[in-house]
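Survey of secondary and tertiary structure
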Amino acid sequence: MTLHEWCSGSRGAMLRRTRLVAACLAGSTLVALAACRQDTQDVRGGAQGDVALPQQQSGVTRSTDTTGLPAEGALARVAIGDLAGIGNNTLDAQVKNPYANDHASIEAGQEIFINMNCAACHGYDLKGGMGPDLTDTYWRYGGSPADIYKSIFEGRPQGMPAWGRALPSDVIWKVVSYIQSQGGSYPGHLADRGRQGDLGDNNRDTTSFSTLKGRNNVH
Amino acid sequence: MRVTMNTIATIAMMATVAGCGTRETPGRGADSTTARTTATATTAASSPGDVALPAMAARSAAWLPPGADDGNWKMPSRDYGGTRYSPLAEINTTNVAQLALAWTFDDGESHYGHEFTPLVANNTMYIVSPFPNRAFALDLTKPGAPVKWKYEPNPSPIAIGKACCDAVNRGAALYDGKLIYNLLDDHTVAVDAATGKELWRTKMSNVEDGTTMTMAPLVVDGKVYVGNSGGEMGVAGWLAALDVNTGKELWRAYSVGPDSLVRIGADFKPFYSWMRGKDLGATTWPADAWKHGAGAVWGWVTYDPDLKQIFYGTSNTGPWNAAQRPGLNLWTSSVFARKADNGMATWAYAMTPHNEWDYDAVNENILVDIPIKGQTRKVMVQFNRNGFAYTIDRTTGEVLVAKPFGHENWASGVDPKTAMPIVNAEKHTVPPGRWVRDICPADVGVKDFEPSAFSPRTGLFYVTTQNICMDYKGRVVSYIAGTPYWGADMTRHVGPGGNYGEFIAFDAATGTKVWGIPEPFLTYSGAMATAGDLAFYGTVDGWFKAVNARTGKVLWSRKLGSGIIAAPMAYKGPDGHEYIAIAAGVGGGAMTTSSQPGFPARGSSYYVFTLGQNIPATQPATSGGAGGAGKKEGGKP
Amino acid sequence: MCTEHPRSVGRLRRAVTPVALVVALAVVAACNGTTSYMDATGTAGRREATLGWWLTAVSCVVVVFVSAAIILGILRHRDDPRRGDEGVMERREVKSGLTWIYAGVAVTVAILAISFAGTLVTLNAASRPRITPSLTLDVTAHQWWWEVTYSQADNPSLGFTTANEVHLPVGEPVRVRLHSADVIHSFWLPQISGKMDVIPGQVNETWLEARKAGTSRGMCGEYCGLEHAVMALEVTAESPEAFRQWADARRTGAAPSTTLSPSASAGRVVFARSCGACHAVTGTEALGRFAPDLTHFASRTTIGAGALTNTSAHLARWVRNAPAVKEGVRMPPIPLTDTEMRDVIAYIQTLH
């Protein structure tokens, strides 16, 4: 339909057509705006509310977990060792990382890992240095995602700072996602085998302190 | 004709005799024969008839710790001037090939590198392990040198995660019956050398903030001089003086900040104009940046008893990313001369102002009096991380010689008028965020902390050097207490030639290398020179070698259990014979090359060598436990 | 359009009038206030504004003149009896209109020449300051805030860092170096100067000189992500004396904790613990560099580079859940108890 044709014809018809076009435009604008807001939203995990790990709190610790653990405090849920061989202390290991395998979270986690100076101790390639290698299967304090979360949150005796007061929990989870993406940690269902040394060497270069060019950090 | 023949024959004979005289025979002159055959070692600081090399006159006893004699070794460098020279000559160029293992001792801490040089006094050897810094006294009068006592200080394990470069200990001092050293977790301790009981323990800093202590204290004139580590952790560096009897802190001189903190006053007269001014330790930084500017004092302190001044250097600047701290960043990467009694500075010199490459200045400042351009000068010589060997007048701070002693390409030289480095534009690491390739040396330098030695007989310095380069990318970094304040992404690679190490003899009067022994692995041990005209060093793959100090010919070598990153020492045993002791336990900064094929495993043993003829085939059985039954072990506080 | 019907001209006029009014109002609204580049007072900005006004005036005159000519032409010959039977215009002799053409060309050339000369003069004035600036601003653009570092080459101890605000001494040019921490932005202080793009991987240089004291608003001039529009700079031009006082205050760190109330003192601890890993307050142990410097935050008028005005209630809302206020912002929700929130806000409000 040409402009000429639009303009010809009755006034009423012209008005109807104009209103129709305006309505279409308005509608598509609204749809576009809604879509814009959608795809730039920060990913928020689903299971965050029921993660039974130390949350950033002060004063009284409240348990919001649903795993049937005792209500008094996070310390009771530490489960590195085993009591006289009576097993299944894998409760913590079952807690999942709400941000695992999410690409945006892994990238955010890498940025935090560098900005919070984690890379300075553990290496930009996570191969260790002042701090231990995070890509092998040897984890002194446990290597399931939940164990790694706790190590970051609580700090550890040989100089690992306690980040639980400085970083909110979802930020710590994103760092865990990044570490998981580099292949070191073992998933929760392998936690028993990991603790018992059954996972073996994943054939990675274990010369943690070396910074010789071309070893792990080709650039 | 006959007369001519006779003359010729006479001349020929004289020439032969004269030629004989110039062969390397130690202790020439009146006591040459006795040096070879008797057990009494001779002190030969300089002998008449030596070849025309600069040599140093013998020094007064004030240059040695009280109670020192030819056969003991009471501080890591043996003397206050830092020469690491032993006057013992029983083991010399003619017989060192017979060196054999007398006994070994293992301190059980193979987790961390061994950078400790043993001390010997009163027929006892003293060893301090890496973390947890146990002290051992070994009874040299008994066969196999059993443990006499053990001291367990139980330092905080937090220190392990704050030590940038392994949980090491670089030395102790024996003074007035006390063994004095630093614990990794920022305590200085004094232990009764006879019993192993703790006498005092002083807390110097807070380990959770990232400060540790690894350096060997200098103890002289009733004072203990100690400094902090943490150049990578955003600390503020300092050197403190403690009372040797009580451990009480007398004063503390910071390396950064206003003059009141740095202990700069009317006595301060730096030689160069760019170091004169008020509060330069603060005004050469953006506001408050000096508070985390490092300048840690983790290296060696030396002392001139005539000037009554101490000399030491400060570490790199924090953070490594220099874009965050425009300005000259005084007084990091500098050397200080201070009055030993009150710590007020007399002069200072910054070797690498506005340091962009982590070139610390903490290396040993060896105090010697050597002829330069025909005139004997009182100098200090430092083989700096940045690859330049500085010969500095220690009375004024004037730089007399500054020449490279290894491969470097970051600076084309040191300006003779201002003594500032002339930086090559393409080796600047600022602005950050981009890779700068092939900067030589790497951050670990042409020489790291490992201490060099000086022989007053040859007038030469014996230096273990590094041939290693880096690719460097700077980054913005936040200061977060207890975490590294770094700002650098880095890889290292070997320098030209493919040999990571080289052991050299260097003439500091002219700034020239006299000879060098390239090594495939890093030479990270430091050195010792002896009156037997020998120089000793070790390699990171575990070879311990003795070389002719004049020619550089390797005369003896032995492969030890692990890499060597500590300096050796020499002592006279109760039997009157000379012994050489060395630790073998790789770690420390040498771990940066741990992926080099053939790199050794960790170790924790001390090896003691002597001439094979002095080692009995069997030892008489000892009765009971070492030190007598019923005696409680160690001095656990 | 639609002009073949005789009565539509009147209708056209009636339709056009409200639209023109709205447009005029919009123009006026844009022209007023703190972001109008047509009102610029800085050295470069003023010249550019003059050029802009000149070109606008010329364009308006041209539009009016041409429109008048067209309308006149239409109206004059509407009922021309010279139309033939088929309603087609017949050819006829036209009086020589060459004078009109000569006049038109001459006027156009003259206007073009003046505009060209004016442009050159403006470019020249805007290209470099008349004296070498002693003060340098290093501005780093982040998504979505500005990091501003002042420095003086001969005296490094005069350097300091702030965020989302720029102060300029009137009459003294300032060098500006632009860095990007992530994507392309554009540094624009409309009332002072023109835009300069901020491109990652290179450092663009420009300069600023304010000529009149006052406040205005700067902004990002190149789309840089979701919150491109919420990336404001508070620009204050003040006398050199007032500027030095401001700089001296900025150089000083936060007041020591002994001067704080108990609540603010507790808040200081909360701040160092929960905020210090990212934010810096000089003089404390909070020295993070990846988020805006907050040493003198209480003197700023907005939170989040223009997301909210700086009040305690807004601050609490921001700290509790910044992404809900400014979507996509890097600051995560900070879980604090009510007491901690109260204390830390009391502390932040002491940071003048």
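The structure this text deals with has already been given above.
To keep things clear, this report deals only with the structure shown in the data block.

Calculation rules
Residues numbered from 1 in each chain as written. Chains lettered and ligands numbered in written order. Predicted model: local features only at pLDDT ≥ 70, side-chain atom pairs only at ≥ 80, totals over all residues. Heavy atoms only, no water. Helix = DSSP H or I, 4+ residues; strand = E, 2+ residues; numbered from the N terminus. Buried < 20%, exposed > 50% of the residue type's maximum accessible area, 1.4 Å probe, protein only. Pairing = 2+ DSSP bridges. Axes fitted to C-alpha atoms, helices over the stretch in contact; angles between N-to-C directions. Patch = residues over 30% accessible without salt bridge, like charges linked within 9 Å, V, L, I, M, F, W, Y side chains within 5 Å. Areas by Shrake-Rupley, 256 points an atom, 1.4 Å probe, with all protein chains shown as cover. Salt bridge = Lys/Arg side-chain N within 4 Å of Asp/Glu carboxyl O. Contact = heavy atoms within 4.5 Å. Buried area = accessible area lost by both parts, 1.4 Å probe. Polar contact = N/O pair within 3.5 Å; in protein donor to acceptor, adjacent residues only side chain to side chain. Nonpolar A, V, L, I, M, F, W, Y, C, P; charged D, E, K, R; others polar. Phe/Tyr/Trp six-rings, centres within 6.5 Å; stacked < 30°, edge-to-face > 60°. Lys NZ or Arg CZ within 6 Å of the ring centre and 35° of its normal.

Of note, the amide linkage connecting B:Gly318 to B:Pro319 takes the cis form, showing an omega dihedral of -10 degrees. Inspection of the secondary structure assignment puts B:Pro319 in the loop between strand E16 (309-313) and strand E17 (334-339). In this model, C:Gln143 is joined to C:Trp144 through a cis peptide bond whose omega is 0 degrees. Relative to the helices and strands, C:Trp144 is located in the loop between strand E1 (135-142) and strand E2 (145-152). A positive phi angle, near 50 degrees, is found at B:Asn122, a position not held by glycine. Assessed through its relative accessible area of 70%, B:Asn122 is described here as exposed. Phi at B:Asn154 is positive, roughly 55 degrees, even though this residue is not glycine. Relative to the assigned elements, B:Asn154 resides in the loop between strand E6 (147-151) and strand E7 (173-175).

Turning our attention to the sheet that holds strand E27 (residues 460-466) of chain B. Residue and element names in this part refer to chain B. The 4 strands lie next to each other as E26-E27-E30-E31, forming an open sheet whose pairing is antiparallel. Pairing within the sheet leaves two strands with one partner each, and these edge strands are strand E26 (453-455) and strand E31 (512-519). Neighbour-to-neighbour, the strand axes of this sheet turn through a mean angle of 25 degrees, independent of strand direction. Bridging between E27 and strand E30 (residues 501-507) involves 6 bridges; their strand directions are antiparallel.

Residues and elements named next belong to chain C. Together, Val62, Phe65, Val66, Ile70, Ile74 and Trp100 make up a nonpolar patch on the protein surface, roughly 660 Å² of accessible area in all. The greatest single-element share of the nonpolar patch, amounting to 5 residues, is contributed by helix H2 (residues 43-76). Tracing the chain through its elements places valine 62 in helix H2. Residue classification places valine 62 among the partly exposed positions, given a relative accessible area of 41%.

Opposite the 13 residues of chain C that make contact, chain B presents 17 residues. Taking both partners together, chain C and chain B bury about 1100 Å²; carbon and sulfur atoms supply 58% of that area. By the criterion of area lost to chain B, the three top residues of chain C are C:Pro156, C:Leu287 and C:Arg289, representing 42% of everything that side buries. Across the contact surface, chain C and chain B share 0 salt bridges. For the interface between chain C and chain B, the tally reads 3 residue pairs in polar contact (both at pLDDT 80 or more). Of the residues belonging to the side of chain C that touches chain B, the class tally is 4 nonpolar, 6 polar and 3 charged.

Following the criterion strictly, the structure yields 48 aromatic pairs over all chains and no others. Ring plane angle 55 degrees and centroid distance 5.9 Å describe the contact between B:Trp331 and B:Phe336, whose orientation is recorded as tilted. With respect to class, B:Trp331 is no different from B:Phe336; both count as buried. By the ring-pair criterion, three or more aromatic residues cluster together here, those being B:Phe271, B:Tyr272, B:Tyr349, B:Trp357, B:Tyr359, B:Phe388, B:Tyr390 and B:Trp410. Stacked on the ring of A:Tyr141, the Lys or Arg A:Arg156 has its end atom at 5.2 Å from the ring centre. Directly above the ring of B:Trp63 sits B:Arg59, whose terminal nitrogen or CZ lies 3.6 Å from the centroid.

Relative to the assigned elements, B:Thr592 resides in the loop between strand E37 (578-584) and strand E38 (605-611). Since its relative accessible area comes to 11%, B:Thr592 is described here as buried. Polar contacts involving the side chain of B:Thr592 include one to the main-chain carbonyl oxygen of B:Gly589, which spans 2.8 Å. Sequence-distant contacts of B:Thr592, defined by excluding residues within four places in its chain, comprise A:Phe209, A:Ser210, A:Thr211, A:Leu212 and B:Arg492.

So, on to the interface of chain A and chain B. Every contact between the two is made by 22 residues of chain A and, on the other side, 34 residues of chain B. Interface of chain A and chain B: buried area, both sides summed, is about 2300 Å²; carbon and sulfur atoms make up 57% of it. Between the two partners, chain A and chain B, sit 0 salt bridges. Between chain A and chain B we count 7 residue pairs in polar contact (both at pLDDT 80 or more) in total. If you list the elements that add at least two residues to the side of chain A that touches chain B, you get helix H4 (103-115) and helix H5 (118-122) of chain A.

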